[in-house]
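# Architecture at a glance
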Amino acid sequence: GRHALVTSGPTIEPIDPVRFIANRSSGKQGHAIAAELASRGARVTLVSGPVTLPSPPAVELVEVETARQMLEACEAALPAEIAVCAAAVADWHVKDAGTAKLKKQDGGPPPPIELAENPDILRRLSSHEARPDLVVGFAAETGNLRENAAAKLTRKGCDWILANDVAPDTGTFGGDDNEICLISGADETADECWERQSKTGVARALSARIIKHFS
Ligand code: CTP
């Protein structure tokens, strides 16, 4: 019966009406978490960027494209007791993305693309006046996993960070498996590292941990 807000998938940021900047997120991990929390009885709002996955059963799906839309949808979904930010939110959007298609100039230089920073949804939720009781983020890293993840926990003000290695040789980004360490503070001995398993398995382990937290 608790309300859980889950973000999933990539965000896509328009360059012009026909082109965009995106990333390799499949949404598999976020969707699996939403499905698992719903199956355990939570009321789930899943805010997702464009993915090819079907909506999990029994969740309220809010489809968005950009990071700014994702933030708006998340804030509109509050209050919630639980927030899990699994989306791979684009860090930047294209400043002044035009409404007309950019055209090649014969022999001319490629158009410059100026970027502007996107809102950090995890950070905003962590400091929101209607902050969920438990805010969980991910740290997708290609190196210095523990150090970068612990820094993210502090910087973003969330309660847990699920650290995962997304180096290309792990196949994690877009793949079916994930290897996670749950980090809840500076004390490394308190880290909870789970064996490499399917993203569904990770979702199950996280849901069990959330239930334990609330009981
Ligand atoms: N996140 C978010 N909004 C953003 C960027 C990230 O909500 N604009 C969330 C992600 O959903 C994830 C966590 O923050 O839960 C960390 O995302 P990650 O991509 O690992 O880190 P960044 O904040 O983008 O930092 P960096 O690019 O420096 O690694």
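Look up a bit, the structure's there.
Right, let's walk through the structure included here. (Residues numbered from 1 in each chain as written. Predicted model: local features only at pLDDT ≥ 70, side-chain atom pairs only at ≥ 80, totals over all residues. Heavy atoms only, no water.)

### Examining the overall build of the protein
A count of helical and extended segments in the protein gives 5 helices and 14 strands. Relative to a compact globule of 215 residues, whose C-alpha radius of gyration would be 17 Å, the protein shows 18 Å and is just as compact. When burial is assessed residue by residue, the protein has 47% of its 215 residues classed as buried. Here the analysis covers contacts within the protein between residues at least 6 apart in sequence; of these, 63% occur between residues at least 24 apart. Element-wise, carbon and sulfur atoms account for 49% of the exposed surface of the protein, whose accessible area totals about 11200 Å². (Helix = DSSP H or I, 4+ residues; strand = E, 2+ residues; numbered from the N terminus. Rg over C-alpha atoms; globule rule 2.2 N^0.38 Å. Buried < 20%, exposed > 50% of the residue type's maximum accessible area, 1.4 Å probe, protein only. Contact = heavy atoms within 4.5 Å. Areas by Shrake-Rupley, 256 points an atom, 1.4 Å probe, with all protein chains shown as cover.)

### So, the site of the ligand
The environment of the ligand is formed by 15 residues, the closest being C85, A87, F138, K152 and K156. Interatomic distance of 2.7 Å between a side-chain N/O atom of K152 and an oxygen atom of the ligand. Contact between the ligand and K156: an oxygen atom at 2.4 Å from a side-chain N or O atom of the residue. Alone, the ligand offers 570 Å² of accessible surface; in the complex the protein occludes 79% of this. Residue assignment for the shell around the ligand shows that the elements contributing at least two residues are α3 (121-126), β9 (134-141) and α4 (145-156). Considering each element in turn, the shell around the ligand owes the most residues, 4 residues, to β9. (Near = heavy atom within 4 Å. Polar contact = N/O pair within 3.5 Å; in protein donor to acceptor, adjacent residues only side chain to side chain.)

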